[in-house]
Each structure stands twice: as structure tokens, then as C-alpha cells.
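One letter stands for each residue in the lines below.
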Amino acid sequence: MNQFIAKKIQESIAVKNAIAQDEQLLNNIQHTAAAITSSLQAGHKILFCGNGGSAADAQHLAAEFSGRFYKDRLPLYAEALHCNTSYMTAVGNDYGYDQVYSRILRGIGQAGDVLVAISTSGNSGNILEAIKTAKEKGMIVVGMTGHSGGKMKDLCDYLLNMPSDDTPRIQESHITVGHIICEIVENNLFGA
Ligand SMILES: O=C(CO)[C@@H](O)[C@H](O)[C@H](O)[C@H](O)COP(=O)(O)O
Ligand SMILES: [Zn+2]
């Protein structure tokens, strides 16, 4: 059993090592942090969405911005879109689950806001609909996906496609990269 556990840990490390050696992906992470910084500086907001574990990741990362990360500093405007269960159950029930994120974006999304769309497959219907609406609104779209990017591949302004096809390993890297982006943005806005 310990061998199995050690193998899983090595697999998680291998994905992170591959990110650290991928100059293009590192550049995309850097550019994403710059875009989020500029959006917040201009008074816009950062909205996150995902399903299952990626909803948890969306909520986790939004809270780093809106609550605090390393620094005791002003709060930043960031939200995860799934947190109102009355909204999610009503819109899922009345309009269909594919509409749950696009509908709220139609209400609150504004040009210049950033949507961080998290999907390991890149193929979840509600995430694809959210991206479509965000683009119609003039929002900036950051996609966090697995290696192929799925259908999200050509729809995002910034694609952070983790070099793995294994859902949990992709999610672990999304959180690592998300934390790094939070740290860069916090340093940009409040000093290193
Ligand atoms: O956390 C996990 C697996 O680690 C699951 O809850 C997973 O997030 C769900 O199956 C999602 O529905 C997968 O959707 P996606 O990442 O392909 O968009
Ligand atoms: Zn999971």
C-alpha cells in the first residue's frame, strides 16, 4: 500500500515538474497574473467557476483574493459562481444545468471582468456556456484545464493546460498554479 501511495505522490510531483520546465506555460501563468492584476486595478472583478472538485478549487481561490492570502491587505473583489445553492438548484431545475454559470454572468458579468473557468476535461457544458457568455460580455477568460484543453482549447484568452490527463493530478496542479497567481497578484498590488 505504501508503494501505491508513494507512486501517486510521485505522479503529482511529475506534473508539477513538467509545468516548471514548460516555458510557454510559465509565460501563460505570468500573463494571466498580469491580466488579473490589471483588471482589479481598473476596478473590475474576478469570477471563478468549476464543477465538483473544481468548484471547490474555484471557491478556494476566490477566497484567497476576497479574504486574504499572505498579506493583511485590502480585500479584492472575487467570487465563485456556485456558492448560492438556492440559485444553483432553481436555475438548474428551470433552465438546465448547462445554464447555471452563463445565466449569472448575464446578470453580473461586465466588460473587463475576468472569468477563471476551471475544467479538467475542458468539455463541461456549463463551463463552455459560461465562456461563451463571458466573451459576449467583453470579459477576459482564463481557462484552467488538463493537457488537451478539450473544447476550451481555442475559446480562452489565456489557457493554463496542466500537462496531465488524470483528473485529480490536474486539479492538484490547478491549485498550485492558482496559489502562485494569487501570490503574484498580491505582490503586484500591495508590494512584494
Ligand atoms: O473532484 C473530482 C475528481 O477529482 C470530481 O468531483 C470532478 O471534479 C467532477 O467529476 C467534475 O464533474 C469533472 O468535471 P470537469 O473537470 O471535466 O469539468
Ligand atoms: Zn477530487
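Residues numbered from 1 in each chain as written. Chains lettered and ligands numbered in written order. Predicted model: local features only at pLDDT ≥ 70, side-chain atom pairs only at ≥ 80, totals over all residues.

Turning next to the pairing of strand β4 (residues 140–145). For β4, the buried fraction is high: six of the six residues fall into the buried class. With four bridges joining them, β4 and strand β5 (residues 158–161) adopt parallel strand pairing. By the bridge assignment for β5, Val-142 is matched with Tyr-158. (Buried ≥ 20, exposed ≤ 12 C-beta atoms within 10 Å, placed from the backbone. Helix = DSSP H or I, 4+ residues; strand = E, 2+ residues; numbered from the N terminus. Pairing = 2+ DSSP bridges.)

Let us now look at the site of ligand 1. Ligand 1 sits among Asn-51, Gly-52, Gly-53, Ser-54, Ser-119, Thr-120, Ser-121, Ser-124, Ile-127, Thr-167, Pro-168 and Gln-171. For the shell around ligand 1, the elements supplying multiple residues, two or more each, are α3 (53–66) and α7 (167–190). It is α7 that contributes the most residues to the shell around ligand 1, three residues altogether. Among the residues making up the shell around ligand 1, the classes are represented as two nonpolar, 10 polar and no charged. (Near = placed C-beta within 6 Å. Nonpolar A, V, L, I, M, F, W, Y, C, P; charged D, E, K, R; others polar.)

With that settled, consider the UniProt feature "binding site: substrate" (unreviewed entry) in the protein. Here the UniProt-annotated "binding site: substrate" (unreviewed entry) positions come out as Asn-51, Gly-52, Gly-53, Glu-64, Asn-93, Asp-94, Ser-119, Thr-120, Ser-121, Ser-124 and Gln-171. In three dimensions, the annotated residues from a span of 121 residues occupy distinct locations, with a maximal C-alpha spread of 32.2 Å. With respect to the element layout, Asp-94 can be found in helix α4 (residues 85–95). Residue Asp-94 is classed as exposed on the basis of its 9 C-beta neighbours within 10 Å. Locating Ser-119 in the fold gives a position in the loop between β3 (114–118) and α6 (125–137). Discounting chain neighbours no more than four positions away, the residues touching Ser-119 are Gly-50, Ser-54, Ser-124, Ile-127, Thr-145 and Met-152. (UniProt positions renumbered as here; feature names shortened; annotations may be inferred. Contact = placed C-beta atoms within 7 Å.)

Okay, the nonpolar core next. Phe-48, Cys-49, Leu-115 and Ala-117 are the most contacted members of the largest nonpolar core, which has 41 residues in total. Ignoring sequence-local partners within four residues, the contact set of Ala-117 consists of Cys-49, Ile-127, Ala-130, Ile-131, Val-141, Val-142, Gly-143 and Met-152. (Core = buried A, V, L, I, M, F, W, Y, C linked by C-beta atoms within 7 Å.)

Strand pairing in a sheet relies on backbone hydrogen bonds. The paired strands run either parallel or antiparallel. Across the sheet, which stays open at both edges, the five strands sit in the order β2-β1-β3-β4-β5 with parallel pairing between neighbours. Edge positions in the sheet fall to β2 (78–80) and β5, since each has one partner strand and no second. Neighbour to neighbour, the strand axes of the sheet diverge by 15° on average, direction disregarded. Here α3 sits on the sheet and contacts β1 (46–50), β2 and β3; the angle it forms with β1, its principal contact strand, is near 160°. (Axes fitted to C-alpha atoms, helices over the stretch in contact; angles between N-to-C directions.)

Given a rise of 1.5 Å per residue, 19 residues ought to cover 27 Å, and the 27 Å separating the end C-alpha atoms of helix α2 (residues 23–41) matches this to within 8%. Along α2, the residues classified as buried are Ile-29, Thr-32, Ala-33, Ile-36 and Leu-40. Mapping the buried residues of α2 onto a view down its axis gives an arc of 95°, with all of them on the same face. When the buried face of α2 is taken as reference, the exposed residues oriented beyond 90 degrees from it are Glu-23, Gln-24, Asn-27 and Gln-41. The inward-facing, buried residues of α2 contact β1, β3, β4, β5 and α7. Immediately downstream of α2, the backbone of Gly-43 shows phi near 90°, a positive value. (Expected span 1.5 Å × (residues − 1). Arc of directions from axis to C-beta.)

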